[in-house]
Amino acid sequence: MNTPAPHLMTMLQPAAWWAGRWREAVPAGNGLVGAAVYGGVYRETVMLTHADLWCGCKVAELPEVSDQLPRMRELLLAHREPEAQPLMQQALADRGYQPAWPCPLPLGDLQVVMPAAHGFKNYRRTLDPATGEVTVAWHDGDTGYERALFVSRTADLVVCELRSRRPGGITARISLDLHQRSDAVRPFLGTTAAPLPDAVETTAANDTVCYAARNDDGTDFGAAVRVLATGGTTAAAGAEVTVTGADRVLLLLKVFVKEPRRAAWGRLNGELAAITADYATLLAPHAALHGALFRRMSLDLGATAAERALANEELLLKAYQGETPAAMVERMWAFGRHLLISSTREGGQPCPLLGLWCGEYGGFWSFNMTNVNLQMVYWQALTGNLPELLLPVFDYCERLLGDFQTNARRLYGCRGIHLPAVTMPDSGIARCAAPHILHFIGAAGWVGQHYYDYWRFTGDREFLRRRALPFLREVALFYEDYLIPAPDGTWILAPGNSPENTPANYWDGDEGGGNMQTTVNPTIELAIAKEALTHLVEGAELLDLYPAERAKWRDMLDHFPPYRVTADGTLAEWQPAHLAEHHQHRHQSQLYPLFPGQEITRDQTPELFAAAVTALETRFTQGLKAGSCWGLANLANAFARAGNGDRALDCLDLISRASTLPNFFTLHNDWRDMGLCTDLPHAPFQIDANMGWTAAVQEMLLVSRPGRLELLPALPARWPRGRVCGLRARGAITVDLAWEEDGSRIELTLRADQAQKIVLACVRPVAAVEGPADAHAGAGGRTVTVALAADTAVQLQLRLSAPPAAQPA
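Residues numbered from 1 in each chain as written. Predicted model: local features only at pLDDT ≥ 70, side-chain atom pairs only at ≥ 80, totals over all residues. Heavy atoms only, no water.

(A) Spotlight on the overall build of the chain. In terms of regular secondary structure, the chain is built from 20 helices and 33 strands. Relative to its length of 809 residues, the chain is compact, with a C-alpha radius of gyration of 27 Å against a globular reference of 28 Å. Taking the principal axes of its C-alpha atoms as reference, the chain extends roughly 85 × 70 × 55 Å. Every one of the 809 residues in the chain was classed for burial, and the buried ones make up 63%. Put simply, 69% of the contacts in the chain that link residues at least 6 apart link residues at least 24 apart. Surface exposure of the chain reaches about 27900 Å², of which carbon and sulfur atoms provide 52%. The average position of the 71 basic charges and that of the 88 acidic charges among the side chains of the chain differ by 3 Å. (Helix = DSSP H or I, 4+ residues; strand = E, 2+ residues; numbered from the N terminus. Rg over C-alpha atoms; globule rule 2.2 N^0.38 Å. Buried < 20%, exposed > 50% of the residue type's maximum accessible area, 1.4 Å probe, protein only. Contact = heavy atoms within 4.5 Å. Areas by Shrake-Rupley, 256 points an atom, 1.4 Å probe, with all protein chains shown as cover. Lys, Arg positive; Asp, Glu negative; His and termini not counted. Charge placed at Lys NZ, Arg CZ, Asp CG, Glu CD.)

(B) Region of interest: the sheet that holds strand β15 (residues 220-230). Strand order in the open sheet formed by 9 strands is β1-β8-β9-β10-β11-β18-β15-β14-β13, and the pairing between neighbours is antiparallel. Both outer strands of the open sheet, β1 (9-11) and β13 (198-205), are each paired with one neighbouring strand and no more. With strand direction ignored, the average angle separating the axes of adjacent strands in the sheet is 15°. Note that strand β14 (residues 208-214) and β15 share 7 bridges and pair antiparallel. Residue pairing across strands places Y211 opposite A223, the latter belonging to β15. (Pairing = 2+ DSSP bridges. Axes fitted to C-alpha atoms, helices over the stretch in contact; angles between N-to-C directions.)

(C) Here's a closer look at the sheet that holds strand β31 (residues 776-777). Read from one edge of the open sheet, 5 strands run β24-β25-β29-β32-β31, paired in mixed fashion. Looking at strand neighbours, the two that pair on one side only are β24 (702-705) and β31, the edges of this open sheet. When strand β29 (residues 756-761) meets strand β32 (residues 783-788), the two strands line up antiparallel, connected through 6 bridges. Note on β32: the bridge partner recorded for K757 is A787. Contacting β24 and β25 (708-711), helix α20 (residues 688-701) crosses the sheet at an angle of about 75° to β24.

(D) Spatial organisation of the pairing of strand β11 (residues 158-164). β11 sits mainly inside the fold: 7 of its 7 residues count as buried. Burial along β11 is two-sided: the face carrying V158, C160, L162 and S164 and the face carrying V159, E161 and R163 are both buried. With 7 bridges joining them, strand β10 (residues 143-151) and β11 adopt antiparallel strand pairing. Note that in β11 the partner of V151 across the bridge is V158. Both β11 and strand β18 (residues 248-257) contribute to a ladder of 6 bridges, which runs antiparallel. If you follow R163 over to β18, its bridge partner there is R248.

(E) Structural context of the nonpolar core. The biggest cluster of nonpolar side chains holds 249 residues, and the ones touching the most others in it are Y412, Y479, L709, L750 and L760. Setting aside residues up to four positions removed in sequence, L750 forms contacts with L709, I733, T734, V735, I758, L760, V786, L788, T792, A793, V794 and L796. (Core = buried A, V, L, I, M, F, W, Y, C linked by side-chain atoms within 4.5 Å.)

(F) Quick peek at the state of the cysteines. Considering all chains together, one arrives at 0 disulfides under this definition. Free cysteine: C160, not disulfide-bonded; nearest cysteine sulfur from C210 at 18 Å. Among the cysteines around C351, which has no disulfide bond, C358 carries the closest sulfur, lying 12 Å off. On the basis of relative accessible area, C351 is assigned to the buried category, the value being 1%. (Disulfide = S-S within 2.5 Å.)

(G) Layout of the packing of helix α5 (residues 279-294) against helix α8 (residues 326-343). Viewed as axis vectors pointing N to C, α5 and α8 meet at an angle of 125°, and their least axial separation amounts to 10 Å. As the angle between them shows, α5 and α8 are arranged oblique. For the pair α5 and α8, the crossing hand works out as right-handed. Contacts from H290, L293 and F294 of α5 reach α8 at A334, R337, H338, I341 and S342. The residue makeup of the contact of α5 with α8, split by class, is 4 nonpolar, 3 polar and 1 charged. (Parallel < 35°, antiparallel > 145°, perpendicular 65-115°, else oblique. Left-handed = near helix turned anticlockwise from the far one by under 90°. Nonpolar A, V, L, I, M, F, W, Y, C, P; charged D, E, K, R; others polar.)

(H) Local environment of the side chain of H50. Position of H50 relative to the elements: it lies in strand β4 (residues 43-50). A polar contact is formed between the side chain of H50 and the backbone nitrogen of D52, at a distance of 3.0 Å. Not counting residues within four places of it along the chain, the set of residues in contact with H50 comprises L32, V33, L107, V255, V257 and L356. (Polar contact = N/O pair within 3.5 Å; in protein donor to acceptor, adjacent residues only side chain to side chain.)

(I) Region of interest: the packing of α8 against α20. Interaxial distance between α8 and α20 falls to 8 Å at its minimum, and their mutual angle equals 120°. If you check the angle between α8 and α20, you find them oblique. Seen along the crossing, α8 lies across α20 with a hand that is left-handed. Residue-level contacts link M328, V329, M332, W333, F335, G336, R337, L339 and L340 of α8 to N690, M691, W693, T694, V697 and Q698 of α20.

(J) Here's a closer look at empty space enclosed by the protein. As enumerated under the stated definition, the model contains 7 cavities of 30 Å³ or more in all. Empty space within the largest cavity amounts to approximately 240 Å³. In terms of lining, the largest cavity is formed by 20 residues, of which the most central are W379, T383, D453, E699 and R730. Across the lining of the largest cavity, the residue classes tally to 10 nonpolar, 5 polar and 5 charged. Together, 20 residues line the second largest cavity, and A51, W54, P352, G355 and L356 are the ones closest to its centre. Residue classes in the lining of the second largest cavity are distributed as 13 nonpolar, 7 polar and no charged. (1 Å grid on protein atoms, 1.4 Å probe; cavity = no way out; pocket = protein on both sides within 12 Å on 5 of 7 lines; lining within 4 Å. Points joined across faces, edges and corners; volume = space filled by probe spheres on them.)

(K) Spatial organisation of the pattern of salt bridges. A full pass over the atoms with the stated rule returns 54 salt bridges. What emerges from the salt-bridge pattern is a single network uniting E146, E161, R163 and R248. (Salt bridge = Lys/Arg side-chain N within 4 Å of Asp/Glu carboxyl O.)

(L) Geometry of the confidence of the model for the chain. On average, the chain scores 94 in pLDDT, and the residues at 70 or more come to 97%. The low-confidence segment residues 1-5 (pLDDT under 50) makes 15 contacts with residues lying over four places distant or belonging to another chain. (pLDDT = per-residue confidence, 0-100.)

(M) Just the packing of aromatic side chains, in detail. In this structure the tally under the stated criterion is 24 aromatic pairs. Consider the rings of W101 and F367, whose centres lie 5.6 Å apart with planes at 75°: the pair is edge-to-face. Here W101 is found in the loop between α3 (87-94) and β6 (103-104), whereas its partner F367 is found in the loop between α8 and β20 (368-369), with 266 residues between them in sequence. Centre to centre, the rings of Y451 and F471 are 4.3 Å apart; their planes meet at 10°, and the pair counts as stacked. Here Y451 is found in helix α13 (residues 443-458), whereas its partner F471 is found in helix α14 (residues 461-482), with 20 residues between them in sequence. Every member of this aromatic cluster is reached through a ring pair, and the members are W22, F335, W357, F665 and F685. The ring of W17 is capped by R23, whose NZ or CZ atom sits 4.6 Å from the centre of that ring. Sitting above the plane of the Y482 ring, R73 keeps its charged end 4.8 Å from the centroid. (Phe/Tyr/Trp six-rings, centres within 6.5 Å; stacked < 30°, edge-to-face > 60°. Lys NZ or Arg CZ within 6 Å of the ring centre and 35° of its normal.)

(N) Main features of unusual backbone geometry. Cis geometry marks the peptide bond from A494 to P495, where omega comes out at -5°. Tracing the sequence through the fold places P495 in the loop between β23 (491-492) and α15 (523-543). A positive phi angle is found at N206, which is not glycine, with a value near 55°. The exposure class of N206 is exposed, given its relative accessible area of 65%. A positive phi angle, close to 55°, is found at E741, a residue other than glycine. In this structure, E741 sits in the loop between β27 (733-740) and β28 (745-752). Judged by relative accessible area, E741 falls into the partly exposed class, the value being 39%.

Written out as structure tokens, the structure reads:
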């Protein structure tokens with residue numbers, strides 16, 4: 001199959017969000033260093049960031065408060081939840097616990113000032129997601145200008161070139177400074193200003209500008225930029241370098257963190273002076289590495305050439321009229337992939353809620369949130385054939401494992417680990433004492449799903465042996481101590497939390513979900529615990545590990561209570577019947593066994609599947625006004641898993657209209673009173689909906705279980721033809737897939753890393769199969785069984801029965 005070319009993102013306007021233009025900048029990054037291009041013609045600002053630059057990193061000693069657990073459980077089991085909820089939080093406060101909350105710190109701004117003699121026209125910004133290159137182009141009078149920038153993945157170097165179509169047409173002033181000081185105001189929290197870094201210093205000499213500032217821990221951070229002009233003159237004056245009458249100008253920039261400024265400047269100056277290559281030569285190895293990651297997968301949803309030529313703003317206007325164009329779906333998919341590649345890399349930090357581009361001082365919601373958000377960021381990684389980008393999550397968890405063990409022991413008196421729903425890179429100690437964070441027990445088990453799926457998607461047995469199973473064993477040790485038996489012999493998990501939601505009988509009417517969130521046996525908590533133990537037993541038996549413990553874990557699995565279904569056929573969010581369902585909420589936590597878990601399926605658990613679909617539809621129809629942008633992305637993935645592609649696409653339509661900016665960044669909520677999300681006084685930037693969009697598209701096209709691939713399980717009617725190449729499936733299988741006639745004709749190529757027999761499941765009966773001689777339709781007509789040899793491409797063509805005729809309105 002031919003791989004369709006990726007499509008450029010084009011914008012017709014510069015960043016324009018008042019008092020926070022970084023939100024509409026075009027992001028570039030190499031997984032460590034970030035650059036966000038505002039696109040100003042006269043004054044270009046490029047915000048610089050570094051994944052390891054955080055402020056407020058002060059770790060307090062976590063007090064021992066596990067003595068509160070018996071009384072909490074006593075109250076919870078007596079249905080006195082409001083009395084139980086504050087006990088541990090109050091105990092921490094009474095024992096003097098006042099932890100600091102670190103947040104990412106913008107490193108600085110590169111500024112390029114160029115005269116505008118006639119006023120701009122023919123303006124556009126572009127991003128090539130296949131290379132990570134950003135360009136800004138315009139005309140001033142009859143002269144065309146362009147700036148191009150990328151952040152090298154091979155050299156940790158920001159490279160920018162200024163170009164003019166007129167010889168001698170470049171005159172510019174180049175400087176470095178602290179990031180825009182007005183971004184110290186926190187709109188969400190009123191006018192309270194976050195503290196700025198101090199000891200700011202900028203110097204210029206010859207062709208180089210050096211800049212540094214001091215973090216609150218006393219360490220320096222900063223950058224150096226070298227200005228190399230072709231033609232014209234170059235001079236340093238004060239804190240900037242001026243170029244006059246050049247044909248083109250190359251800017252080479254490097255950053256530093258946690259290093260004395262004088263030593264860092266000397267080192268960076270030497271490294272920059274040693275670079276003799278031009279822009280194209282520097283771009284080539286970076287584009288090859290970034291592009292190799294990006295091009296492992298490609299997507300073509302049948303958008304027309306005319307649609308693909310439209311700018312972001314034009315696509316958004318079309319989406320506002322009701323349907324997101326296929327070209328915008330493709331572009332948002334590619335953008336989410338670019339964001340993940342640019343935000344993280346092997347050996348680095350995980351991608352947090354703001355990616356690599358936090359432009360606020362004291363950035364809001366800028367941590368790693370593991371009650372759905374971190375997981376959503378990474379849902380695309382394995383199905384999108386980017387498994388190595390998950391490794392920083394595992395490195396992070398293993399580096400902080402000792403802190404997680406401390407949390408388990410001091411908060412709950414348990415062995416094993418307790419991973420707080422809120423963490424930061426400097427420490428895994430529980431910092432947030434809010435009950436909905438403190439009492440969410442399942443974060444470690446949920447991350448354990450990613451560990452185990454990494455093995456399923458890659459087939460890496462050594463990873464399973466050395467990393468996945470040891471982590472899951474720590475999770476199991478916690479549950480061994482934390483679960484308590486009910487009189488009927490089933491497990492009680494208390495306290496627990498169904499992320500951030502409040503039962504309706506305790507709801508105070510606030511769209512955020514009220515404030516009574518500590519309960520017994522939330523469905524998600526039980527589902528995560530069951531899944532973690534199931535994976536641990538399965539993997540341990542495969543490798544013959546932990547023989548003395550496997551029987552105990554199997555016995556634990558036999559004692560989980562069944563999921564409750566309400567009288568109206570809804571999968572309940574809380575198992576106790578006195579806790580009423582509350583659907584006006586952004587989370588859909590009771591759906592965990594359906595998605596992202598795989599415990600509930602149409603073919604294996606049809607009654608629970610029907611109850612989960614009822615809960616899903618109810619959340620969609622009743623919860624929009626109390627929702628969020630990432631909540632819509634979560635719904636899209638869940639609808640895809642449920643096989644409802646039209647409804648999944650409806651969710652993406654709503655994201656387009658509710659919370660997407662012209663640069664295609666997503667925000668937490670709508671900010672314009674359009675009735676689609678919860679009302680907040682601010683619209684915080686969050687990257688998780690971008691990532692969730694990419695994951696949802698992939699989920700709509702392929703769902704995999706060990707030994708089973710579901711082809712086009714949630715194909716919307718608006719995608720009658722298309723092609724996807726490089727999807728990854730459990731079983732370490734790569735899938736290329738093309739379809740026509742509303743999915744009635746399917747061509748696919750399968751490549752497995754190891755020999756296996758698989759079942760291909762289709763949404764309608766299979767009328768004809770062309771392919772290997774052993775490929776044959778199964779009972780019921782909707783499946784095809786095929787044997788795959790290791791490292792050998794297998795091609796098949798399937799013709800399905802025609803879809804049912806549409807009923808007249």
